[in-house]
Amino acid sequence: MDLDVFVTAHRAEWDRLEHLLGRGRHLTGAEADELVALYQRTAGHLSHIQSSAPDPMLVGRLTQLVARARATVTGTRRAGWKDAVTFLTAGFPAAVYRSRHWWIPTAVLSTLLAAVIGWWIGTHPEVQAAIAAPDELRRLTEPGGEYETYYSSHPAASSAAQVWTNNAQAAAMCLTLGAFLCLPVIWVLFLNVLNLGIGIGLMASAGRLDTFLGLVLPHGLLELTAVFVAAGTGLRLGWTVIDPGPQTRRAALAQRGRAAIGMAIGLAVVLFVSGVIEGFVTPSGLPTWARIAIGIVAELLFLAYVYVLGGRAARAGEAGDVEEADRGAELPTAA
């Protein structure tokens, strides 16, 4: 394509579109129809230039024109309570449901790895000695030690807030850094698994594994599930960079990236619930069976939420993406 000839042939249309956009709301009916037609033609011109002769300056100008025209034609939409309810009852659970083939294997493998690390540490005194000195290990694992008092060493409200903030940050890192070929996600996930495995191993070596699990399970079931969902989604996003499927890499990353941002918000809510349990239930005077039962109920409610509401929404076509009207324009590309 001769770019100079193409620009000469269509410059007047682009200038006219820019002029109409500058008029704002002061358009006649005929001018509004003309603006819509020019918007559609200019979008086609932009696609043609991008696929045949991508001139950066020209592409930048036409992209801006198309974006302004699209905003004028479709109008702006304010988010309201209806959007929040739709997101929580359909968008978020559907996104978690759709990514289950990533986060369920992540959860299974991570749990197995934590168990193996715990067994290795618990059955090898030399490994325990490499972690800390005997006096330090005793302070960690003895009755009333640091592992046991960790959950009651701070006021419940501040502890819950701190735990929620830390876990939400870890989940957000997994979701947003997944595009870097999965490597940061694997590292964040490994650190969480390693910390869990060390706790299991050290407490098991002291004959107090039941105490450790009684402290971890009430909040840990839901907390770790949220981390596994975030990690699995981040890995899925990273794999999209390698294999975007039938879509272009840019379109696939945009779609799954938008869904990942929404999932970060939804998982923050899930982790808030986990933080409340950790701050108020884990250090409480309730019997161990009651505390664990609360954790199991919270976990089962979340899984039902994902598989019932999420599964139904996913089968209806919901993908956890933003509304079509709020997405950037996706133009056709050359085959």
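Residues numbered from 1 in each chain as written. Predicted model: local features only at pLDDT ≥ 70, side-chain atom pairs only at ≥ 80, totals over all residues. Heavy atoms only, no water.

1. Structural notes on the pattern of salt bridges
If you walk through the whole model with that rule in mind, you get six salt bridges. Here Arg-16 and Glu-34 are joined by a salt bridge, their closest N and O atoms 3.0 Å apart. In this pair, Arg-16 is assigned in helix α1 (residues 3–22) and Glu-34 in helix α2 (residues 29–52), connecting sequence segments 18 residues apart. Taking relative accessible area as the criterion, Glu-34 reaches 28% and is therefore assigned partly exposed. Residue Arg-208 is joined to Glu-148 by a salt bridge in which the shortest nitrogen-to-oxygen separation is 2.7 Å. One end of the pair, Arg-208, is in the loop between α10 (183–205) and α11 (209–242); the other, Glu-148, is in helix α8 (residues 146–149), and 60 residues separate them in sequence. According to the relative accessible area criterion, Arg-208 is buried, its value standing at 12%. Residues joined by salt bridges that share partners form a network here, namely Asp-15, Glu-18 and Arg-61. (Salt bridge = Lys/Arg side-chain N within 4 Å of Asp/Glu carboxyl O. Helix = DSSP H or I, 4+ residues; strand = E, 2+ residues; numbered from the N terminus. Buried < 20%, exposed > 50% of the residue type's maximum accessible area, 1.4 Å probe, protein only.)

2. Here we look at the packing of helix α4 (residues 81–98) against helix α13 (residues 288–315)
Relative to each other, α4 and α13 sit at 95°, their axes nearing to 7 Å. The angle between α4 and α13 places the two elements in the roughly perpendicular class. Together, Leu-88, Thr-89, Ala-90, Phe-92, Pro-93, Ala-94, Val-96, Tyr-97 and Arg-98 of α4 and Phe-302, Tyr-305, Val-306, Tyr-307, Leu-309, Gly-310, Gly-311, Ala-313, Ala-314 and Arg-315 of α13 make up the contact between the two elements. (Axes fitted to C-alpha atoms, helices over the stretch in contact; angles between N-to-C directions. Parallel < 35°, antiparallel > 145°, perpendicular 65-115°, else oblique. Contact = heavy atoms within 4.5 Å.)

3. Notes on the packing of aromatic side chains
A complete count under the given rule lists seven aromatic pairs for this structure. Ring geometry for Phe-92 against Tyr-305: centres 6.2 Å apart, planes inclined by 40°, an arrangement best described as tilted. Of this pair, Phe-92 sits in helix α4 while Tyr-305 sits in helix α13, and the two are 213 residues apart along the sequence. Their ring planes at 40° and their centres at 6.3 Å tell us that Phe-302 and Tyr-305 sit as a pair that is tilted. (Phe/Tyr/Trp six-rings, centres within 6.5 Å; stacked < 30°, edge-to-face > 60°.)

4. Regarding the nonpolar core
One finds Phe-92, Val-96, Met-263, Leu-267 and Phe-302 to be the most contacted residues of the largest nonpolar core, which totals 35 residues. Among the secondary structure elements, those contributing two or more residues to this core are α4, α5 (100–122), α9 (156–177), α10, α11, α12 (249–281) and α13. With eight residues, α11 is the largest single contributor of residues to this core. In this structure, Val-96 is in contact with Trp-103, Val-229, Met-263, Phe-302 and Val-306, ignoring residues within four places of it in sequence. Within the second largest apolar cluster, 18 residues are counted, among which are Val-7, Leu-20, Leu-58 and Val-66. (Core = buried A, V, L, I, M, F, W, Y, C linked by side-chain atoms within 4.5 Å.)

5. Comments concerning the UniProt feature "transmembrane region" (unreviewed entry) in the chain
The UniProt record annotates "transmembrane region" (unreviewed entry) at residues 102–121, 170–194, 259–277 and 289–308. Span residues 102–121 is 100% helix and 0% strand, its end C-alpha atoms 29 Å apart. A helix fraction of 100% and a strand fraction of 0% characterise residues 289–308, whose end C-alpha atoms lie 27 Å from each other. (UniProt positions renumbered as here; feature names shortened; annotations may be inferred.)

6. Overview of the environment of Leu-237
For Leu-237, the position within the fold is in helix α11. The sequence separation of Leu-237 and Ala-252 amounts to 15 residues, and the corresponding C-alpha distance is 9.0 Å.

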